[in-house]
Amino acid sequence: MALSPKARPYLLVAALVLAVVGVLVAKLPAETGRPVAVPPTSTPPVVDEVGGDGAGDPYYPQDGNSGYDVSGYDIAISYDPATKHLDGQARITAVATADLSRFNLDLYQLEVSEVTVDEQEARFAREGDHELVVTPAQPLRREQRFVVTVTYAGEPTVVQDRALGRSGWQISASGGAFAAGQPHSATTWFPANDTPRDKATFKLAARVPDGWSAVSNGVEEGSTSEGGWTTFRWNAPQPMATYLTTVAIDRWTFDRSTLPDGTPVVSAYAPGALDARADHRRLPEVIEFLSGKFGPYPFQAAGGIFLVDNIGFSLETQTRPIYAQWANLDTMVHENAHMWFGDSVSLRSWSDICLNECFASYAQWLWEEGKDGADLDDRFRSEVARTRDSEAYWGRKLYDMGRGNEFRGVYDKGQLAVHALRRQVGEEAFDKVLKEWTAEHRDGNASWPEFEEHVERVSGQDLDAFFAAWFRGAELPPSDDLLYPGSLRR
């Protein structure tokens, strides 16, 4: 994610301290839906385990769920911009990781009318503002593959977070709508296991009135029209974190082309956004440059979604970033760097956000060095000199920074830290660190401590003091050897 220039100063001074006090009550919520008679069975009863209502992220303990692993989402929605009403059906294919008598999905506020598990009607209940508790007709056994189908409807809305702002389903200035935001977005328009730890494939069929169009992630699979409505189909066959999914509905102008290797490029421009074409025509050049730094492009599609909305961020929605009105070429470099750092290799916990943002931000420096001849050592020294006495600048941790502080330091201090790391380990090792990291963890998840171990292994250096000073610390690195490693020393 890239923040708008106006948004960044507020994050530099805002630090949210939240205390989470939880009392777990083992109580089954009141259930809705028609009762289901469970047929008698001669097999031994399943252990009465229930899926948890959280996936274990310390910052967002109720995000996601435990007890199962999703392999694929197949979503069908119908949305009318005139009424802002959405009808949806989600088919979610998953594997139970424990014996389950019930399990949870995340769905924010939308109304559910029916749930089936393996085509048998299931009981369901709502708990809080986003938990959907499902009790299948027959308990699920560990390692059992199952398909849960959820039929739902309503007027999608946003999730408001005092520290992170608005995420989710948003009405665009042109009258359409788009879904974007982190860490929450997906569950404002479809039920999901809403945690980056459970990546899955994603298919979407989006039905909109004729004259409107729908763009999403992955490969375009055509459209069909009937009765005044058109359905647009998209397929993202590589695993994706839920917050990286999107759908955007507008009167789009589409540009279609290919990268030199044949990868399809589909870009969509909202009315009034066609000026963005000039920068975006350089996308093949950007991807070629980043591939030289990070390894082969990791996906089967590319492109962009260009809004006329002046929202406070652009976002790396997988294969097809969403760009705010203020976005420029620098933003495009940043969001496409996320295809490697954040999308293909996703964080394990939100405390690991530097793996996404520090490296996407440093990609902007690499681009300016490679394309414009920028002297990054001089830029580094100038930035240190400018901020040396600023406790607000150096007092922002880049790893395990605390809930609500995820985006305070990663865009600027993060650039300095990654450049210092490059000079600490040397050019050859740094190149190897980046390319081997993206290759080893492709389509998966990883944590910041794993990255530290990876760098030490590749470089052959003990970097405990370096990482403590630059990424885990909240002050200016305490010695010149740490502050100015390698060629940064004078």
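Remember, predicted model here, so these are calculated numbers, not experimental data. (Residues numbered from 1 in each chain as written. Predicted model: local features only at pLDDT ≥ 70, side-chain atom pairs only at ≥ 80, totals over all residues. Heavy atoms only, no water.)

## Brief notes about the environment of T263
Mapped onto the elements of the fold, T263 is located in the loop between β18 (253-258) and β19 (264-269). Residue classification places T263 among the buried positions, given a relative accessible area of 9%. For the pair formed by T263 and R422, sequence separation is 159 residues and the distance between their alpha carbons is 31 Å. (Helix = DSSP H or I, 4+ residues; strand = E, 2+ residues; numbered from the N terminus. Buried < 20%, exposed > 50% of the residue type's maximum accessible area, 1.4 Å probe, protein only.)

## Observations regarding unusual backbone geometry
A cis amide bond links Q182 to the next residue, P183, at an omega of 5 degrees. Backbone geometry places K84, a non-glycine residue, at a positive phi of 65 degrees. Position of K84 relative to the elements: it lies in the loop between β2 (68-80) and β3 (85-96). Given the relative accessible area of 30%, K84 is considered partly exposed.

## Re the sheet that holds strand β22 (residues 322-323)
Read from one edge to the other, the open sheet built from 4 strands follows the order β18-β19-β20-β22, with strand pairing classed as mixed. Each end of this open sheet is capped by a strand with a single partner; those strands are β18 and β22. In terms of strand pairing, strand β20 (residues 302-306) meets β22 through 2 bridges, oriented parallel. Bridge pairing in β22 links F306 to Y323. (Pairing = 2+ DSSP bridges.)

## Here's the deal with the UniProt feature "domain: Peptidase M1 membrane alanine aminopeptidase" (unreviewed entry) in the protein
Here the UniProt-annotated "domain: Peptidase M1 membrane alanine aminopeptidase" (unreviewed entry) positions come out as residues 318-470. Counted over residues 318-470, helix gives 59% and strand 5%. Its end C-alpha atoms are 29 Å apart. (UniProt positions renumbered as here; feature names shortened; annotations may be inferred.)

## Topic: the confidence of the model for the protein
Mean pLDDT for the protein: 91, with 91% of residues reaching 70 or above. Predicted confidence for residues 9-46 stays below pLDDT 50, and this span has 50 contacts to residues more than four positions away or in other chains. (pLDDT = per-residue confidence, 0-100. Contact = heavy atoms within 4.5 Å.)

## Examining the sheet that holds β2
Backbone-to-backbone hydrogen bonds pair the strands of a sheet. The strands run either parallel or antiparallel. Strand order in the open sheet made by the 8 strands is β6-β5-β9-β3-β2-β13-β16-β15, with mixed pairing throughout. Edge positions in the sheet fall to β6 (120-121) and β15 (219-226), since each has one partner strand and no second.

## Quick word on the packing of aromatic side chains
Under the counting rule described, the total for this entry stands at 33 aromatic pairs. Ring centres of F190 and F202 lie 5.6 Å apart, and the angle between their planes is 40 degrees; this geometry places the pair in the tilted category. Of this pair, F190 sits in the loop between β12 (177-180) and β13 (200-209) while F202 sits in strand β13, and the two are 12 residues apart along the sequence. Of the two residues, F190 and F202, both sit in the buried class. Ring geometry for W448 and F451: centres 5.1 Å apart, planes at 35 degrees, overall tilted. In this pair, W448 and F451 are both assigned in helix α10 (residues 448-459), 3 residues apart and thus about one turn of the helix distant. (Phe/Tyr/Trp six-rings, centres within 6.5 Å; stacked < 30°, edge-to-face > 60°.)

## Things to note about the nonpolar core
Ranked by internal contacts, the top residues of the largest apolar core, which has 148 residues, are F103, Y152, W189 and W470. Among the elements that take part in this core, helix α5 (residues 354-372) stands out by supplying 10 residues, more than any other. Each residue touching W189, except ones within four places of it in the same chain, is listed here: I77, L86, L110, Y152, W169, A179, F202, L204, T245, T246 and V247. (Core = buried A, V, L, I, M, F, W, Y, C linked by side-chain atoms within 4.5 Å.)

## Points about the pattern of salt bridges
Following the criterion strictly, the structure yields 19 salt bridges and no others. The closest approach of N and O atoms between D378 and R381, which form a salt bridge, is 3.0 Å. Here the residue D378 and the residue R381 both occupy positions in helix α6 (residues 376-387), the gap between them amounting to 3 residues, near one helical turn. Assessed through its relative accessible area of 15%, R381 is described here as buried. Two residues, K435 and D431, come together in a salt bridge whose shortest N-O distance is 3.3 Å. Taken together, the positions of K435 and D431, both in helix α9 (residues 427-440) and 4 residues apart, correspond to about one turn of that helix. Exposure remark for K435: the relative accessible area of 31% places this residue in the partly exposed category. Each of E369, D377, R422, R423 and E427 takes part in one network of salt bridges that share partners. (Salt bridge = Lys/Arg side-chain N within 4 Å of Asp/Glu carboxyl O.)

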